[in-house]
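Working through the structure, step by step
Spelled out from the first residue to the last, the chains are:
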Amino acid sequence: MGGVRDGAALTRRGLLVGIGAAGGAGAMYAAMGALGLAPDEQDKSFTPPRPGDFSLRGRASAKVVILGGGVAGLTAAYELGKAGYDCTVLEARSRAGGRNLTLRRGDRLTELNGPAQDVRFGEGVYFNAGPGRIAPWMVTLDYCRELGVPIETFVNNNAGAYVHTNGTTVRARTARADMYGYVAELLAKATNIGALNRTLTKDDRERLLEFLRRFGDLGPRYAYEGSPRRGFARYPALDGGVPTEGPGSLHEVLAAATGRAITSDFGHEQATPMFQPVGGMDAIVTRLAAAVGADRIRTGVRVTGITDRADGVEVTWNGGSLRADYCIATLPPHLLAKIPHNLGPQVTTALRTPVPVSTGKIGLEYGRRWWELDDRIYGGVTETDLDITHIWYPSHDYHAERGVLVGYYNTDEHAELYGALTPEDRRRRAITQGRKIHGDTYGKGLLSAVSIAWERQEHIQGGWVRWPSFDSSFTLLQRPAGRVYFAGDWLTRLIAWQAGAMESARDVVTRLHQRVLQSS
């Protein structure tokens, strides 16, 4: 064994190295404990690789029960724990994470009123059934940095992906080039005939025309006649290649309604670049849960009552109860409204105001990454007007043997349509729709599939919520009801994003902490 030499005394280090080599880290840790070298089991301190951008000032002592082990609940427990609070997280599902759900080989996905699905992906293959991308300005990346979660680029906009509208499929670069080109031509014509003279000076018009020429790749007469930006049937190499056929007329381009290809990343939430954790979105949950401490997270606990008292809060569930100084409720509001409580009818009405949104996804595992090999698509999203809405191509493990494609990511009535089907019928319909874009290749070599209908997930019942308006109900729930606080993405303007859950949690723990400090 390493560390032992003939004729030399066996040192404690040598013994531990040998035990670690033979039995792994667990055996070595046990031996350290026997030798009195292991750290105190009660020491739950966590030192992040980089300091976070948020911390509660001062330390305090109070017991807090947190309802819901999703991103909001875990973030609240993590931040309060650093400030000295005794937190217990109660989670109804069998695993923490909430909608941050990554499925891998061996997982079993159950749903309300439907058959269970056994995940049969290959080793190392995963499917982000919930959130799948992070914008660089979001606080989610700050937690990735603080918790040591490695990230990689998520290709949100790929010119090589497709746009499928009104029965026609074109590359995103083609749709963008034609729309930009014709819009630039129209504006150039309006400028040249003097339609903008009252708005623009002569110098302004010249500058605008020069911009439009470049923006739309216009010809010498400011006419759009096509452009190499549209792509090629055969790209240039030893010769000039073969350009893509077209373009169609302005009428044809407008009739195709491909505008969605050039607007999907205009918003602040979708703008390039975007990122994802390496190995699956649940890396965030794994690190948060580890930092909180497994002994502070109780799964399989379905809350049946919340009672606010002058000196604390009592939470009950089937088989038990817990008293704490404060409570942070992070459950979906439409489910929280159904739990008996004494917080008042206004709170119940407010919790019932936001409407849960149906969302669905399917992961299709292929034994051959044909989208890379045949279509030259490396990451990105195909936009469609079909009921599948989107097709996502994986932004990781390029050139691997196999991979998981997101065959649909839809919401509202389209998600309800797929959610009402059996998993097998969801797969069949998704393949049928995907063939309209990719042809017969789509579906060939399919190894396995798993789909999720979030409205059918017990203890969640919706992908996110939609407020009719951010009215008094919204602001009411941003304040505590006695000693009960509410948190979640649904109480921010970042609904459906993990960043919303984290921002809400940070706001709540700040206000709770200030209250404790003032009362002590």
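Every value quoted in this text rests on a predicted model; they were computed, and no experiment measured them. Numbering of residues starts from 1 in every chain and runs along the sequence as written. Two thresholds apply to this predicted model, a pLDDT of at least 70 for residue-level local features and 80 or more for giving and counting side-chain atom pairs, whereas whole-chain, interface and lining totals are computed over all residues. Calculated side-chain values reflect all of the structure's heavy atoms, with hydrogen atoms and water omitted.

With their axes 10 Å apart at the nearest point, helix α3 (residues 139–147) and helix α7 (residues 283–292) run at an angle of 55 degrees to one another. Between α3 and α7, the angle falls in the class oblique. The two elements α3 and α7 meet at a crossing, and its hand is left-handed. Contacts between α3 and α7 pair Thr140, Cys144 and Leu147 from the former with Ile284, Arg287, Leu288 and Ala291 from the latter. Note on method: axes are straight lines fitted to C-alpha atoms, helices fitted across the in-contact stretch only, with angles between N-to-C directions ranging 0 to 180 degrees. Secondary structure counts use DSSP, requiring at least four H or I residues in a row for a helix and at least two E residues in a row for a strand, with both numbered from the N terminus. For classification, angles of less than 35 degrees are called roughly parallel, those exceeding 145 degrees roughly antiparallel, those between 65 and 115 degrees roughly perpendicular, and all remaining angles oblique. Crossings are classed by handedness, with left-handed meaning an anticlockwise turn of the near helix from the far one by less than a right angle and right-handed meaning a clockwise turn. Should any heavy atoms of two residues lie within 4.5 Å, those residues are considered in contact.

Here we take up the domain arrangement of the protein chain. The domain limits used here are those given by an automatic or database domain assignment. Under the domain assignment used here, the protein chain contains domain 1 (51–97 + 283–354 + 466–517), domain 2 (102–160 + 272–281 + 357–456) and domain 3 (172–256). Between domain 1 and domain 3, the C-alpha centre-to-centre distance is 53 Å.

On to the packing of aromatic side chains. The geometry of an aromatic ring pair comes down to the distance between the two centres and the angle between the two planes. Centre distance within 6.5 Å is the pairing criterion for rings of Phe, Tyr and Trp, where only the six-membered ring of Trp is used; planes under 30 degrees apart are then read as stacked, over 60 as edge-to-face, and the remainder as tilted. Evaluation of the coordinates by the stated rule reveals 16 aromatic pairs. Consider the rings of Phe232 and Tyr235, whose centres lie 5.2 Å apart with planes at 45 degrees: the pair is tilted. The class of Phe232 is buried, set by a relative accessible area of 19%. Grouping aromatic residues by their ring pairs yields a cluster made of Tyr366, Trp370, Trp371 and Tyr442. A cation sits over an aromatic face here: Arg483 above Tyr326, 4.9 Å from the ring centre. The ring of Phe470 carries Arg493 above its face, with NZ or CZ at 3.9 Å from the centroid. With a 1.4 Å probe rolled over the protein chains alone, any residue whose accessible area is under 20% of its type maximum counts as buried; one over 50% counts as exposed, and the rest are partly exposed. Charges are assigned to positions over rings by a cutoff of 6 Å between ring centre and Lys NZ or Arg CZ, combined with an angular limit of 35 degrees from the ring normal.

We now examine the sheet that holds strand β1 (residues 63–67). Sheets are built from strands that pair by backbone hydrogen bonding, the pairs being arranged parallel or antiparallel. The pairing criterion is simple: DSSP has to find at least two bridges between the two strands. An order of β13-β2-β1-β17-β25 is seen for the 5 strands of this open sheet, with the pairing classed as parallel. Either end of the sheet is taken by a strand with one partner, and the two such strands are β13 (297–299) and β25 (484–486). Put simply, the sheet's adjacent strands are angled 20 degrees from each other on average, direction ignored. By the bridge criterion, 4 bridges tie β1 to strand β17 (residues 326–329) in an arrangement that is parallel. When the bridges of β17 are listed, Leu67 appears paired with Ala329.

The next subject is the sheet that holds strand β16 (residues 320–324). Read across the sheet, 3 strands follow the order β14-β15-β16 without closing on themselves; strand pairing throughout is antiparallel. Each edge of the sheet is formed by a strand with only one pairing partner; in this case those strands are β14 (303–309) and β16. Taking each pair of neighbouring strands and ignoring which way they run, the sheet shows an average axis angle of 15 degrees. By the bridge criterion, 6 bridges tie β14 to strand β15 (residues 312–317) in an arrangement that is antiparallel. Looking across to β15, one finds that Arg309 is bridged to Gly312.

We now examine the environment of Ser473. Within the element layout of this structure, Ser473 appears in helix α13 (residues 472–477). For Ser473, a relative accessible area of 12% translates into the label buried. Between the alpha carbons of Ser473 and Ala92 there is a distance of 26 Å; along the sequence they are 381 residues apart. With sequence-adjacent residues up to four places away left out, Ser473 is seen in contact with Ala350, Thr353 and Trp467. Within the local environment of Ser473, its side chain forms a polar contact with the side chain of Thr353, the two groups lying 3.5 Å apart. We define a polar contact as two N or O atoms separated by no more than 3.5 Å, with the added condition that, inside protein, one atom must be a possible hydrogen donor and the other a possible acceptor, whereas residues neighbouring each other in sequence contribute only through side-chain atom pairs.

Let's shift gears to the pattern of salt bridges. Salt-bridge detection follows one rule: a side-chain nitrogen of Lys or Arg within 4 Å of a carboxyl oxygen of Asp or Glu. Overall, the coordinates contain 29 salt bridges when judged by the stated rule. Across the pair Arg99 and Asp489 runs a salt bridge, and its minimum N-O distance is 2.4 Å. Of the two residues, Arg99 is situated in the loop between β2 (86–91) and β3 (102–104) and Asp489 in the loop between β25 and α14 (498–519); the sequence distance between them amounts to 390 residues. Since its relative accessible area comes to 27%, Arg99 is described here as partly exposed. Judged by relative accessible area, Asp489 falls into the buried class, the value being 3%. Residue Arg108 is joined to Asp118 by a salt bridge in which the shortest nitrogen-to-oxygen separation is 2.7 Å.

By nonpolar core is meant a set of buried Ala, Val, Leu, Ile, Met, Phe, Trp, Tyr and Cys residues that side-chain atoms within 4.5 Å join together. Counting residues in hydrophobic clusters, the biggest one holds 103 residues, and the most contacted among them are Val64, Leu67, Tyr85, Val315, Ile328, Leu477 and Phe486. The element contributing the most residues to this core is α14, with 8 residues. Viewed by domain, this core spans two of them, domain 1 (51–97 + 283–354 + 466–517) and domain 2 (102–160 + 272–281 + 357–456), each represented by three or more residues. Excluding residues within four positions of it along the chain, Ile328 makes contact with Val64, Val65, Ile66, Leu67, Ala76, Leu80, Tyr485, Ala487, Val508, Val509 and Leu512. Membership of the second largest hydrophobic core comes to 19 residues, among which are Ile362, Tyr408, Tyr418 and Ile431.

Where β15 meets β16, 5 bridges bridge the pair, whose relative direction is antiparallel. Paired with Val313 across the two strands is Ala324, which belongs to β16. Counted between consecutive antiparallel strands, the loop separating β15 from β16 contains 2 residues, among which Gly319 sits at a positive phi close to 100 degrees.

Right, let's get into unusual backbone geometry. A cis amide bond, omega 0 degrees, links Gly246 with the succeeding residue Pro247. With respect to the secondary-structure elements, Pro247 resides in the loop between β11 (242–243) and α6 (250–256). Residue Pro273 is bonded to the preceding Thr272 through a cis peptide linkage, with omega at 0 degrees. One can find Pro273 in the loop between α6 and β12 (274–277).

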